[in-house]
Amino acid sequence: MAATFFGEVVKAPCRAGTEDEEEEEEGRRETPEDREVRLQLARKREVRLLRRQTKTSLEVSLLEKYPCSKFIIAIGNNAVAFLSSFVMNSGVWEEVGCAKLWNEWCRTTDTTHLSSTEAFCVFYHLKSNPSCSCYVAEDQQYQWLEKVFGSCPRKNMQITILTCRHVTDYKTSESTGSLPSPFLRALKTQNFKDSACCPLLEQPNIVHDLPAAVLSYCQVWKIPAILYLCYTDVMKLDLITVEAFKPILSTRSLKGLVKNIPQSTEILKKLMTTNEIQSNIYT
Amino acid sequence: MFVPCGESAPDLAGFTLLMPAVSVGNVGQLAMDLIISTLNMSKIGYFYTDCLVPMVGNNPYATTEGNSTELSINAEVYSLPSRKLVALQLRSIFIKYKSKPFCEKLLSWVKSSGCARVIVLSSSHSYQRNDLQLRSFYLFIFETESCPVTQAGVQWHGLSSLQPPPPGFKRFSCLSLLSSWDYSTPFRYLLTPSMQKSVQNKIKSLNWEEMEKSRCIPEIDDSEFCIRIPGGGITKTLYDESCSKEIQMAVLLKFVSEGDNIPDALGLVEYLNEWLQILKPLSDDPTVSASRWKIPSSWRLLFGSGLPPALF
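What you see is a predicted model; the values in this text were computed from it and never measured. Throughout, residues of each chain are indexed from 1 in the direction in which the sequence is written. Starting at A for chains and at 1 for ligands, labels are handed out in the order in which the entities are written. Residue-level local features of this predicted model are given only where pLDDT is at least 70; pairs of side-chain atoms are given and counted only at 80 or more, and the full residue set underlies all totals for whole chains, interfaces and linings. In computing side-chain values, all of the structure's heavy atoms are included and hydrogens and water are not.

1. Overview of the overall build of chain B
Piece 1. Strands are runs of DSSP state E lasting at least 2 residues, helices are runs of H or I lasting at least 4, and numbering of each runs from the N terminus. When you go through chain B residue by residue, the secondary structure sums to seven helices and 14 strands.
Piece 2. The contact criterion used throughout is that any non-hydrogen atoms of two residues lie within 4.5 Å. The long-range share in chain B, meaning contacts at least 24 apart out of those at least 6 apart in sequence, stands at 72%.
Piece 3. Accessible surface is estimated by sampling points in the Shrake-Rupley manner with a 1.4 Å probe; for residues, cover comes only from the protein chains shown. Approximately 15,000 Å² of chain B is accessible, and the part contributed by carbon and sulfur atoms is 55%.

2. Some words on the side chain of asparagine 205 of chain A
Piece 1. By secondary structure assignment, the location of asparagine 205 of chain A is in the loop between strand S9 (183–188) and strand S10 (206–208).
Piece 2. Overall, the relative accessible area of 3% leaves asparagine 205 of chain A in the buried class.
Piece 3. A distance of 2.6 Å separates the side chain of asparagine 205 of chain A from the backbone nitrogen of lysine 171 of chain A, its partner in a polar contact.
Piece 4. Setting aside its immediate chain neighbours within four residues, asparagine 205 of chain A contacts Asp169, Tyr170, Lys171 and Tyr231 of chain A together with Gly57 of chain B. Partly exposed describes any residue whose relative accessible area lies between the buried limit of under 20% and the exposed limit of over 50%, with all areas from a 1.4 Å probe on protein chains only and scaled to the type maximum. Polar contact is the term for a pair of N or O atoms within 3.5 Å; when the atoms are in protein, one must be able to donate a hydrogen and the other to accept it, and sequence-neighboring residues count only if both atoms are side-chain atoms.

3. Considering the sheet that holds strand S5 (residues 71–72) of chain B
Piece 1. A pair of strands is treated as paired once DSSP finds two or more bridges between them. Strand order across the open sheet formed by three strands is S10(A)-S4(B)-S5(B), with antiparallel pairing between neighbours. The sheet is open, and its two edges are formed by S10 of chain A together with S5 of chain B, each paired on a single side.

4. Some details on the packing of helix H2 (residues 99–113) of chain B against helix H5 (residues 235–245) of chain B
The packing of two helices is summarised by the inter-axis angle and the distance between the axes.
Residues and elements named next belong to chain B.
Piece 1. Lines fitted to C-alpha atoms define the axes here, with helix axes fitted over just the stretch in contact, and angles between the N-to-C directions of these axes take values from 0 to 180 degrees. At a minimum axis distance of 10 Å, the contact between H2 and H5 shows a crossing angle of 45 degrees. Of the possible angle classes, the one that applies to H2 and H5 is oblique. Pair H2 / H5 crosses with right-handed handedness. Contacts from Lys100, Cys103, Glu104, Leu106, Leu107 and Lys111 in H2 reach Thr237, Leu238, Glu241, Ser242 and Lys245 in H5.
Piece 2. Polar here means any residue outside two lists: the nonpolar Ala, Val, Leu, Ile, Met, Phe, Trp, Tyr, Cys and Pro, and the charged Asp, Glu, Lys and Arg; Gly therefore counts as polar. Taken together, the residues that form the contact of H2 with H5 break down as four nonpolar, two polar and five charged. Should an angle fall under 35 degrees it is taken as roughly parallel, and over 145 as roughly antiparallel, whereas 65 to 115 is taken as roughly perpendicular and any remaining angle as oblique. Each crossing gets its handedness from the near helix: less than a right angle anticlockwise from the far helix is left-handed, clockwise is right-handed.

5. Overview of the sheet that holds strand S7 (residues 85–90) of chain B
All names here are of chain B.
Piece 1. Strands sit in the order S1-S3-S6-S7-S2-S8-S14-S11 across an open sheet of eight strands; the sheet is mixed. The sheet terminates laterally at strand S1 (2–4) and strand S11 (187–191), the two strands that pair on one side only. Averaged over all adjacent pairs, the angle separating strand axes in this sheet is 25 degrees, with direction ignored.
Piece 2. As paired elements, strand S2 (residues 16–20) and strand S8 (residues 117–125) share five bridges and run parallel to each other. Along S8, the bridge assignment pairs leucine 18 with isoleucine 119.
Piece 3. Where H5 meets the sheet, it contacts S2, S8, S11 and strand S14 (249–256), and its direction lies at approximately 160 degrees from that of S14.

6. Things to note about helix H6 (residues 262–276) of chain B
All names here are of chain B.
Piece 1. The end-to-end C-alpha distance of H6, which contains 15 residues, comes to 21 Å, matching closely the 21 Å that a straight helix rising 1.5 Å per residue would cover.
Piece 2. Buried residues dominate H6, accounting for 13 of its 15 residues.
Piece 3. Where H6 terminates, the next one or two residues include glutamine 277, which has phi positive at roughly 55 degrees. A helix is expected to span 1.5 Å multiplied by its residue count minus one.

7. A word on the interface of chain B and chain A
Piece 1. Listed by partner, the interface residues are 53 residues for chain B and 47 residues for chain A.
Piece 2. The term buried area denotes the loss of accessible surface (1.4 Å probe radius) that occurs when two parts are joined, taken as the sum for both partners. Interface area, chain B with chain A, both sides summed: about 4,000 Å², of which 58% is carbon and sulfur.
Piece 3. For chain B, the biggest contributors to the area lost against chain A are Tyr48, Pro54 and Tyr97 of chain B; these three give 17% of the whole.
Piece 4. Salt bridge, as applied in this entry: a Lys or Arg side-chain nitrogen positioned within 4 Å of an Asp or Glu carboxyl oxygen. Summed over the shared surface of chain B and chain A, the number is zero salt bridges.
Piece 5. For the pair chain B and chain A, the interface holds 15 residue pairs in polar contact (both at pLDDT 80 or more).
Piece 6. Among the secondary structure elements, those contributing two or more residues to the side of chain B that touches chain A are S1 and strand S4 (55–58) of chain B.
Piece 7. In terms of residue count, the dominant contributor to the side of chain B that touches chain A is S4 of chain B (four residues).
Piece 8. Taken together, the residues that form the side of chain B that touches chain A break down as 27 nonpolar, 21 polar and five charged.
Piece 9. Of the pairings in the sheet, the one linking S10 of chain A to S4 of chain B comprises three bridges and is antiparallel in character. Residue pairing in the sheet places histidine 208 of chain A in a bridge with methionine 55 of chain B of S4 of chain B.

8. Thoughts on the nonpolar core
Piece 1. To define a nonpolar core, start from buried Ala, Val, Leu, Ile, Met, Phe, Trp, Tyr and Cys residues and group those joined through side-chain atoms within 4.5 Å. Phe71, Phe149, Ile159 and Val214 of chain A are the most contacted members of the largest nonpolar core, which totals 44 residues.
Piece 2. Every element with two or more residues in this core is listed here: helix H3 (62–65), strand S4 (70–75), helix H5 (138–149), strand S8 (158–166), S9, helix H6 (209–220) and strand S11 (225–232) of chain A.
Piece 3. Counting residues per element, this core draws most heavily on H6 of chain A, at eight residues.
Piece 4. Contact partners of valine 214 of chain A, with chain neighbours within four places excluded, come to Ile73, Trp144, Leu145, Phe149, Ile159 and Ile161 of chain A.
Piece 5. In terms of nonpolar packing, the next biggest core, distinct from the first, is built from 42 residues, Ala31, Phe187, Ala250 and Leu268 of chain B among them.

9. Brief notes about the packing of aromatic side chains
Piece 1. What counts as a ring pair is set by centres within 6.5 Å for rings of Phe, Tyr and Trp (its six-membered ring), and what kind of pair is set by the plane angle: stacked under 30 degrees, edge-to-face over 60, tilted for all other angles. As enumerated under the stated definition, the model contains 17 aromatic pairs over all chains in all.
Piece 2. Ring plane angle 85 degrees and centroid distance 5.6 Å describe the contact between tyrosine 61 of chain B and tyrosine 78 of chain B, whose orientation is recorded as edge-to-face. Placement of tyrosine 61 of chain B in the loop between S4 and S5 and of tyrosine 78 of chain B in strand S6 (residues 75–80) is noted, with a sequence separation of 17 residues between them. Residues tyrosine 61 of chain B and tyrosine 78 of chain B agree in their burial class; the two are buried.
Piece 3. Ring pairs connect the aromatic residues Tyr142, Phe149, Tyr217 and Trp221 of chain A together with Tyr48 of chain B, which therefore count as one cluster.
Piece 4. Two thresholds decide whether a charge sits over a ring: the Lys NZ or Arg CZ must be within 6 Å of the ring centre and within 35 degrees of the ring normal. For the cation-ring pair, lysine 96 of chain B lies above tyrosine 97 of chain B, with the distance from its terminal atom to the ring centre recorded as 5.3 Å.

10. Section: the pattern of salt bridges
Piece 1. All chains considered together, the criterion is met by 13 salt bridges over all chains.
Piece 2. The residue lysine 246 of chain A makes a salt bridge to glutamate 243 of chain A at a minimum N-O spacing of 3.7 Å.
Piece 3. Classification of lysine 246 of chain A by relative accessible area gives partly exposed; the value is 28%.
Piece 4. For glutamate 243 of chain A, a relative accessible area of 28% corresponds to the partly exposed category.
Piece 5. Put simply, lysine 254 of chain B and aspartate 264 of chain B hold a salt bridge, and the shortest N to O gap is 2.7 Å. Of the two residues, lysine 254 of chain B sits in strand S14 while aspartate 264 of chain B sits in helix H6, which places them 10 residues apart along the sequence.
Piece 6. We classify aspartate 264 of chain B as buried; its relative accessible area is 14%.
Piece 7. Look at the salt bridges and you will find they share partners, linking Arg165, Asp169 and Asp209 of chain A into a network.

11. Side note on the environment of threonine 49 of chain B
Piece 1. Structurally, threonine 49 of chain B can be placed in the loop between strand S3 (42–47) and S4.
Piece 2. Overall, the relative accessible area of 4% leaves threonine 49 of chain B in the buried class.
Piece 3. Separated by 75 residues in the primary sequence, threonine 49 of chain B and serine 124 of chain B have C-alpha atoms spaced 25 Å apart.
Piece 4. Each residue touching threonine 49 of chain B, except ones within four places of it in the same chain, is listed here: Tyr142 of chain A together with Phe102 and Lys105 of chain B.

12. Regarding the confidence of the model for chain A
All names here are of chain A.
Piece 1. For every residue, the pLDDT score states the predictor's confidence, bounded by 0 at the bottom and 100 at the top. For chain A, per-residue confidence averages 73 on the pLDDT scale, and 59% of positions sit at 70 or higher.
Piece 2. Helix H1 (residues 20–29) is the least confidently modelled element of chain A, averaging 53 in pLDDT, while S9 averages 93, the highest of any element.
Piece 3. Contacts from residues 108–119, a stretch scored under 50 in pLDDT, to residues over four places away or in other chains number 15 contacts.

In structure tokens form, the structure reads like this:
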């Protein structure tokens, strides 16, 4: 319980997230109709991996079908923009499939007829490379992992994850206003022996969501993986934030994949302008 | 499922498993952090599950530059073979509807690993205590000739909110002087039947309070009595499942409110220490108690980042 400024007592949400007294009771009182609704919702929220051309589901996990030595995941629009402009414009990348999922954050309500422009996680094959620009909810993260990695973890693969976080999430003894954002931090698994191109994430900072799910999987199954985290104060698509990822181009993970940097910068500028026009509310 | 750090699963036969329940104030988890950090326990594996919200970060118990770059995930297992202790630390909350499956997976691992007994550190909402647990019928209002005088050292418990006092006690007329003012201890314990057989005598000698039964449905006067642990997360589920699976389990909990729960965590580890004697017995000096538990480096900035200098 907490007393607010105006004197009324309100029930404060418990930090430990323990609302399961209600959950248990819900379970006891659940009628067959409730169970049916819950199952339907679970089916709606299922993560589906689809092949590009045929749009049929992949029977095995993605990495079993398309094994690779380097796997780069970009999560969030700035990371995706970086990957598309700098990495994917060099060499020939073939789109092999996409992961479609729906949760309460999606703006579309119809899940069965998602068009290709709305595919949220698209997988490209050169050295395999998915870019995920949607929000994957907590209960879907493990499903996504299973569909992509499968149940047999491969140790001869190196994984790089790129994502962004808001700078206010970064805990430091200085004030967050004085930080030189955007800036990079890294987290790597025990088996990742190369060095990162930026400092490692200091205690007590932590990472959640899909990047954490992937990194946990890699740490437990001893796969070398590194997460590059860009702390920025602009969460929408922004040139300065995307360029903050540039130091990664010199690391062993991405070396050899990037050939033409000036051209990449042009592509990035084009991406920015297309988005800017779309976000003008007066047109 | 348990995934060892090394090549083979360590032998945990006969060990005592200490684990937290994700509960109000995160007291159990804070207490586990203190135990793992003070005893310098080493990581032996992960409890990899899809029931907990994923999170990662660098080693929360880092003491030097060298060991500060090991990655930690949301559920890890540490051990101290010399004391036959194994500790499970949980660092995130349960995904909806996944707390029961987690309990089942955990208890089946406990059985298969051969752990002798489990001790769950937990907490419960202090505002949900009933009168029995508040023990507030030792009132200290003495009526002198003309006017009531309140004794210094009184504990007020919101008289108006109390239900009628238990039989035998009258309000406002406690004329007998109590030589030492009584206070209710906020700690409680619970033992499963199989555990009671082995440790009942030891617990009795410690003079601990057992968790009282309260009404299953508080609003209804004639509902049955049962063990309720509001705000305790999976504590009740773990306890019930252990009773039915005949696992030796003890629950140690403290009544707390949300806020700065570090003192509560220190209190809970001292309570545990009375029984397990992890550290040497406490001397009478209370200032010594807090300093002998090593605060982990990850507890920095628990209440946020630094403030902008321009604020002042």
